[in-house]
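# An overview of the molecular structure
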Amino acid sequence: MTFRPLHDRILVRRIEAETKTAGGIIIPDTAREKPSEGEILAAGPGARKDNGELVPLDVKPGDRILFGKWSGTEIRLDGEDLLIMKESDVMGVIEIAEAAQEAA
């Protein structure tokens, strides 16, 4: 199934946080918070101004983003838990340096 967000909405997959601390302590599911980092899977065309002019989004599919703890609406699509949110719910885009990506 394909999903195409409308207006200034985006479809996000949460990126799961580490289950172990740097010291090796395993964090149980009950103590873990929902991650506030995700990857954009799809993005709408943008919002419209009052005069009808289209304002494109600053984010695009593939971007890693940070968002608020209570942002978006949770949905289940093809058996996967995803979020639909407005671009205004995004706090920032995480940019990983080229050298760090190649090393990973």
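Just so you know, these numbers come straight off a predicted model, no measurement behind them.

## What about the confidence of the model for the protein chain?
Of the residues in the protein chain, 75% have a pLDDT of 70 or more, and the chain-wide mean is 81. Here helix α1 (residues 98–103) stands out as the element of the protein chain with the lowest mean pLDDT, 56, in contrast to strand β1 (residues 9–14), whose mean of 91 is the highest.

## Structural notes on the pattern of salt bridges
Under the counting rule described, the total for this entry stands at eight salt bridges. Linking Glu53 and Lys49 is a salt bridge whose minimum nitrogen-to-oxygen distance equals 3.9 Å. Classification of Glu53 by relative accessible area gives partly exposed; the value is 40%. Given the relative accessible area of 43%, Lys49 is considered partly exposed. The salt bridge partner of Arg76 is Asp81, with a shortest N-O separation of 2.4 Å. An identical accessibility class is assigned to Arg76 and Asp81; each is exposed. Connected through salt bridges with shared partners, the residues Arg13, Glu39 and Glu80 form a single ionic network.

## What about the environment of Glu39?
Looking at the secondary structure, you find Glu39 in strand β2 (residues 37–43). The spacing of Glu39 and Leu11 is 28 residues in sequence and 8.5 Å in space, taken between C-alpha atoms. Beyond its immediate sequence surroundings of up to four residues, Glu39 is in contact with Leu11, Val12, Arg13, Ile15, Gly62 and Asp63.

What counts, and where the lines are drawn
Residue positions are counted from 1 within each chain, in the order its sequence is given. Restriction of local features to residues with pLDDT of at least 70 applies here, the model being predicted, together with a cutoff of 80 or more for giving and counting side-chain atom pairs; totals for whole chains, interfaces and linings are based on all residues. To get the side-chain values, take all heavy atoms of the structure and skip hydrogens and water. pLDDT is a per-residue confidence score from the predictor, ranging from 0 to 100. The numbering of helices and of strands both runs from the N terminus, where a helix is a DSSP run of H or I of at least 4 residues and a strand a run of E of at least 2. Basic side-chain nitrogens of Lys or Arg form a salt bridge, by our definition, when they fall within 4 Å of a carboxyl oxygen of Asp or Glu. Each residue is assigned to one of three classes by its accessible area relative to the maximum for its type, calculated with a 1.4 Å probe on protein chains only: buried under 20%, partly exposed between the two thresholds, exposed over 50%. Residues are treated as being in contact if the distance between any of their heavy atoms lies within 4.5 Å.

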